Amino acid sequence: MTYLMKNPKKLRKAQKEVRQAIEKKRFVKEEDIEQLPYLKAVVKETMRLQPAAPLLLPRESSQDCDFDGHKIPAKTTVYVGENPEEFKPERFRKKSIDLKGVDFGMIPFGAGRRMCPGINMGLVIVELSLANLLYAFNWEMPLGTKSEDLDMEALPGITMHKKNALCLMARKYVCE
Ligand code: HEM
């Protein structure tokens, strides 16, 4: 929601998609999600920029190894991280990047034997909540605040929590 508020065109695009697909049904259900490719791309793009567990859980190398010219001694903790900038869900419409730990460029749920076993449940919860928030309400900044001032600061910890809560004004949307 923070990224969408900062990118109003993308908010409108995601909202248009969900409202066209759901029309007067009043609630987005799990089976509707497949009709919402742009919303899915918004979730992926957010996970790319702000992964819930940014450094995954720490692991250390079991033996000396060489990775792409980098010598990694045994018992070294290696962090995987990405620090990109632009919020652009469209990038996922062209490339099909899977989150299931196959495409190593993006592994918000980890990869390999210890990857998140809750991936399907986690993704559906995020997609469904976002889809319903976008379907049912029009979102505005509270009076006297600007979307430019919204920040992405996170509290320290294994998982990311916003330091400053996102505070928005919701207006009920009624499908005519
Ligand atoms: C958007 C939601 C979620 C995200 C982004 C997420 C992400 C992650 C990540 C990055 C890891 C570490 C994987 C690794 O070390 O390679 C992990 C581990 C784990 N997650 Fe999730 N997770 C989510 C939801 C869930 C849910 C809903 C459940 C359970 C119902 C769950 C259960 C677990 C468990 C048990 C582990 C430890 C697996 C192990 O160490 O073998 N997660 N998750």
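Anyway, here's the lowdown on the structure attached to this text. Because the structure is a prediction, the values reported are computed rather than measured. (Residues numbered from 1 in each chain as written. Predicted model: local features only at pLDDT ≥ 70, side-chain atom pairs only at ≥ 80, totals over all residues. Heavy atoms only, no water.)

## Points about the pattern of salt bridges
To be explicit about the condition: The rule for a salt bridge is simple: a side-chain nitrogen of Lys or Arg has to be within 4 Å of a carboxyl oxygen of Asp or Glu. Every helix listed is a DSSP run of H or I at least four residues long, and every strand listed is a run of E at least two residues long, numbered separately from the N terminus. The classification of residues rests on relative accessible area computed with a 1.4 Å probe and restricted to protein chains. Under 20% of the type maximum is buried, over 50% is exposed, and intermediate values are partly exposed.
Under the criterion given, the structure shown has ten salt bridges. A salt bridge links D32 to K25, with the nearest nitrogen and oxygen atoms 3.2 Å apart. Across the pair R171 and E140 runs a salt bridge, and its minimum N-O distance is 2.9 Å. Here the residue R171 occupies a position in strand β4 (residues 169-172), and E140 occupies one in strand β3 (residues 137-140), the gap between them amounting to 31 residues. E140 gets classed as partly exposed once you look at its relative accessible area, which sits at 29%. Taken together, the shared-partner salt bridges connect K10, K13 and E90 into one network.

## What about the coordination of the iron atom of the ligand?
Using the following cut-off: Ligating atoms shown are N, O and S within 2.8 Å of the metal, or 3.2 Å for Na, K and Ca, and water is not included, meaning a site may look less than complete.
On the protein, C116 (SG) is the one donor atom to the iron atom of the ligand, at 2.2 Å. By the element assignment, C116 lies in the loop between α4 (91-94) and α5 (119-136).

## Description of helix α3 (residues 37-49)
Condition: Expected span of a helix, by definition, is 1.5 Å for each gap between consecutive residues, and there is one gap fewer than residues. Residues count as neighbours in contact if any of their non-hydrogen atoms are within 4.5 Å of one another.
Taking 1.5 Å of rise per residue, the 13 residues of α3 would be expected to cover 18 Å, and the 18 Å separating its terminal C-alpha atoms lies within 8% of that figure. Of all 13 residues in α3, ten are buried; the element is thus mostly enclosed. Those residues of α3 not exposed but buried are Y38, L39, A41, V42, V43, K44, E45, M47, R48 and L49. Next to the buried residues of α3 lie α1 (2-6), α2 (8-22), α4 and α5.

Structural measurements only, silent on function.
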